[in-house]
2 protein chains.
Amino acid sequence: MVRLRTRSSNSDTPDRWEAQLRKGALEMAALASLWHGRLYGLEIIRFLEGESQLILAEGTIYPILNRLRAEGLLTSEWVEAEAGHPRKYYSLTESGRLRLMKMAEAWATFAAGLSRLLTPVLNPAVGTVTTQEKQEVFL
Amino acid sequence: MVRLRTRSSNSDTPDRWEAQLRKGALEMAALASLWHGRLYGLEIIRFLEGESQLILAEGTIYPILNRLRAEGLLTSEWVEAEAGHPRKYYSLTESGRLRLMKMAEAWATFAAGLSRLLTPVLNPAVGTVTTQEKQEVFL
DNA sequence: CATAGTACATTGCTATACGAGGTATGTGGC
DNA sequence: GCCACATACCTCGTATAGCAATGTACTATG
C-alpha cells in the first residue's frame, strides 16, 4: 500500500511555502465542496483535486471533517453501497452554509488585499501608467 | 504598550480559521513589502497592515525575516538613525526577487482555484451563466 | 537618573497539516 | 474457502508555524 505522494518533505525543498499557503483554506474548501450536495470523504479529496488543484491527504481531510461536524457545520450519515463498502456522506447544515458564505466573503477580502500587494510583482509595468496605454504586458 | 489582539483562542471562536488562512502567505507578503525598496522591521508590519489588512505581530515578522535571510532571499544592514535608535533595513536580493515572482504566480493559480470553488457560494445566482462554460459538472 | 518611546529579538504555547500505518468490508482468481 | 487487492474510514506522531508575552538596547526629555 504505497502512499508516496512525493512529499519530499525534507527541509531543503523550496516549495514548502506553498504547502503552508494552503493552511487554513482547507476548512473552507471542504465546506465549499459540499455546496452542491453530499459527498463522502475520499470523494471530497478527489473533487478538490480536480476542481481547484488542492491536494490533501486522508490524514488531513478526516480531522477537518470531524472538526467541522463538531462545530455543527455539517452532518454525516452512513450509506450502504451495493458495491464495496459503506460510505459516510457529509452534508452542509444550514449553519454550515451561512458560515461558508461568511468565509467566502472574508476570503475575497483577503485575496483582494494580497492581490493589491502583488500587483507590481506580477505586472512589472506599473508605476508610470495610471490607467491603460501600455497594457500589452505579457500575460 | 497594549498587545491584546483578542486571542480568545479557545475552540468556540468562529474566527480562528481566518488566522489560519494567513499562514504561509506571510513570507510572500514580507517579500512583497520590499518590492519598492528597503524597509525595517516595524515598518514592514505597518506597511502590510495599511496596504493589505495583514496584521502580524513582531514575534511573527522577525522569525520570518530571519528565515528569508537565511535562504538568501534578502539582506539586512544596520542603519544609524539621527533620531532614536539604529534600524535594521531589509532589502530583496536578486534571488529574492525571482522567488517572489514565482510565489506570486503560484499564489495567482491558487487563488484562481479557490475562486472557482467559491463562485457558487459568493454568487448565488448561478444558472444564469454570464461567462458560460466553467459550469462543468465536477468530474 | 527616571520615564517614555522606538526597535529588534527570543521564548513558550498551541494548533495544524500530513505521512505512515491500521481496521473493516467487499470482489475476483484459483 | 482462501488470498490478494481495492476501497473507505480512522488515528498517532512529528515537524512547523504563528504569535502573545517578555526581554534587551538605545535615545531623548525633563
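Located above this text is the structure these notes cover.
Every value quoted in this text rests on a predicted model; they were computed, and no experiment measured them.

A. Fine view of the overall build of chain A. Counting secondary structure elements, chain A contains five helices and three strands. Secondary structure elements in chain A, listed N-terminal to C-terminal, are α-α-β-α-α-β-β-α. By sequence separation, contacts in chain A at least 24 residues apart represent 47% of the contacts at least 6 residues apart.

B. Here's a closer look at the relation of the copies chain A and chain B. Between chain A and chain B, which share one sequence, the superposing operator has a rotation angle of 180 degrees and an axial displacement of 0.0 Å; the RMSD is 0.1 Å. Taken together, the rotation and translation relating the two chain copies correspond to the operation of a two-fold axis. Every residue of chain A has its C-alpha some distance from the rotation axis, and the shortest such distance is that of lysine 23 of chain A, at 3.1 Å. The overlap is high: 95% of the interface residues of chain A also sit at the interface in chain B, so the same surface is used on both sides.

C. Structural view of the protein's contact with DNA strand D. Looking at DNA strand D, there are 29 residues lining it, with Arg46, Tyr62 and Lys88 of chain A together with Arg22 and Gly84 of chain B nearest. Near the protein, meaning within 4 Å, the atoms of DNA strand D are sugar or phosphate in a fraction of 66%, with bases accounting for the rest. Note that a phosphate oxygen of DNA strand D is positioned 2.6 Å from one of the side-chain N or O atoms of arginine 46 of chain A. The side chain of glutamate 58 of chain A places a nitrogen or oxygen atom 2.7 Å from a base nitrogen of DNA strand D. Mapped by element, the contributors of at least two residues to the surface near DNA strand D are helix 3 (41–52), helix 4 (58–70) and strand 3 (87–92) of chain A together with helix 4 (58–70) of chain B. A per-element tally of the surface near DNA strand D places helix 4 of chain B first, with four residues. Counted by class, the surface near DNA strand D contains nine nonpolar, nine polar and eleven charged residues.

D. Main features of the pairing of strand 3 of chain A. Residues and elements named next belong to chain A. Across two bridges, strand 1 (residues 39–40) lies against strand 3 in antiparallel orientation. Bridge assignment links tyrosine 40 to a residue of strand 3, and that residue is tyrosine 89. In the sheet, strand 2 (residues 74–79) pairs with strand 3 via six bridges, with the strands oriented antiparallel. Looking across to strand 3, one finds that leucine 74 is bridged to leucine 92.

E. The pattern of salt bridges, seen in detail. On inspection of all chains with the given rule, the structure shows six salt bridges over all chains. One salt bridge connects arginine 99 of chain A with glutamate 71 of chain A, and the closest N-O pair in it is separated by 2.8 Å. Linking arginine 99 of chain A in helix 5 (residues 94–122) with glutamate 71 of chain A in the loop between helix 4 and strand 2, this pair joins segments that are 28 residues apart in sequence. For glutamate 71 of chain A, a relative accessible area of 34% corresponds to the partly exposed category. The closest approach of N and O atoms between glutamate 77 of chain B and arginine 38 of chain B, which form a salt bridge, is 2.9 Å. Of this pair, glutamate 77 of chain B sits in strand 2 (residues 74–79) while arginine 38 of chain B sits in the loop between helix 2 (25–33) and strand 1 (39–40), and the two are 39 residues apart along the sequence.

Here is what the cut-offs are and how they apply
Residues numbered from 1 in each chain as written. Chains lettered and ligands numbered in written order. Predicted model: local features only at pLDDT ≥ 70, side-chain atom pairs only at ≥ 80, totals over all residues. Heavy atoms only, no water. Helix = DSSP H or I, 4+ residues; strand = E, 2+ residues; numbered from the N terminus. Contact = heavy atoms within 4.5 Å. Least-squares fit on C-alpha atoms with pLDDT ≥ 70 in both. Near = heavy atom within 4 Å. Polar contact = N/O pair within 3.5 Å; in protein donor to acceptor, adjacent residues only side chain to side chain. Nonpolar A, V, L, I, M, F, W, Y, C, P; charged D, E, K, R; others polar. Pairing = 2+ DSSP bridges. Salt bridge = Lys/Arg side-chain N within 4 Å of Asp/Glu carboxyl O. Buried < 20%, exposed > 50% of the residue type's maximum accessible area, 1.4 Å probe, protein only.

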